[in-house]
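Letter by letter, the chains look like this.
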Amino acid sequence: MAKYGVILKLSSKGKSIEEADVPIIIDALDLKELFHTLQEDMEIQIELEDFASQNYGELEFDAWKPIKIFQFTLTEDGEIDEGNEPSVVWETGDGEVRMN
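Residues numbered from 1 in each chain as written. Predicted model: local features only at pLDDT ≥ 70, side-chain atom pairs only at ≥ 80, totals over all residues. Heavy atoms only, no water.

A. Here's a closer look at the packing of aromatic side chains. In this structure the tally under the stated criterion is three aromatic pairs. Taking the centre distance of 5.3 Å and the plane angle of 70° together, the rings of Phe-35 and Trp-90 count as edge-to-face. Here the residue Phe-35 occupies a position in helix 1 (residues 31-40), and Trp-90 occupies one in strand 4 (residues 87-91), the gap between them amounting to 55 residues. (Phe/Tyr/Trp six-rings, centres within 6.5 Å; stacked < 30°, edge-to-face > 60°. Helix = DSSP H or I, 4+ residues; strand = E, 2+ residues; numbered from the N terminus.)

This is how it looks when you write it as structure tokens:
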């Protein structure tokens, strides 16, 4: 399993919220599984709502999309290797995820 750092851009009614970029870490086998997780995992929505309320107050959003994805180097025990910079494996593209 790999660890990916994902920067998500929040949007509301089809418009990006300029100040709202949210970093999250997701465990996935590959990018395909990562994108599936972004679309299907309801815990991500909860994590985004928590982050937004803590950092932006009463920010309302109805969608999110990845704008940058990093892959972390892991230690032998599967933890993020703090001594190595993560590598960018994907940058802005399609894939907006709508909330249910």
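B. Structural view of the nonpolar core. Core analysis: the largest hydrophobic core is formed by 21 residues, its most contacted members being Val-6, Leu-10, Ile-24, Leu-34, Leu-38 and Leu-48. Every element with two or more residues in this core is listed here: strand 1 (2-12), strand 2 (15-28), helix 1, helix 2 (42-56) and strand 3 (63-71). Element by element, the count of residues in this core is highest for strand 2, at six residues. Ignoring anything within four residues of it in the chain, the contact list for Ile-24 reads Tyr-4, Gly-5, Val-6, Leu-8, Leu-38, Ile-44, Glu-47 and Leu-48. (Core = buried A, V, L, I, M, F, W, Y, C linked by side-chain atoms within 4.5 Å. Buried < 20%, exposed > 50% of the residue type's maximum accessible area, 1.4 Å probe, protein only. Contact = heavy atoms within 4.5 Å.)

C. Molecular detail of the confidence of the model for the protein. Looking at the protein as a whole, its pLDDT mean stands at 89, while 92% of the residues score no less than 70. Mean pLDDT in the protein bottoms out at strand 5 (residues 97-98), which sits at 54, and peaks at strand 1, which reaches 94. (pLDDT = per-residue confidence, 0-100.)

D. Broad picture of the pairing of strand 3. Direction of pairing for strand 1 relative to strand 3: antiparallel, over a ladder of eight bridges. In the sheet register, Ser-11 faces strand 3, and the bridge partner there is Ala-63. Of the strand pairs in this sheet, strand 3 and strand 4 are connected by four bridges, and their pairing is antiparallel. Bridge pairing in strand 4 links Phe-70 to Val-88. (Pairing = 2+ DSSP bridges.)

E. Just helix 1, in detail. Listing the buried residues of helix 1 in full gives Leu-34, Thr-37 and Leu-38. Mapping the buried residues of helix 1 onto a view down its axis gives an arc of 100°, with all of them on the same face. More than 90 degrees from the buried face of helix 1, the exposed residues found are Lys-32 and Glu-40. N-capping of helix 1 is provided by Asp-30, with a side-chain oxygen placed 3.2 Å from the backbone N of Lys-32. (Arc of directions from axis to C-beta. Polar contact = N/O pair within 3.5 Å; in protein donor to acceptor, adjacent residues only side chain to side chain.)

F. Summary view of unusual backbone geometry. Of note in this structure, Lys-13 is not a glycine but carries a positive phi near 55°. On the basis of relative accessible area, Lys-13 is assigned to the exposed category, the value being 74%.

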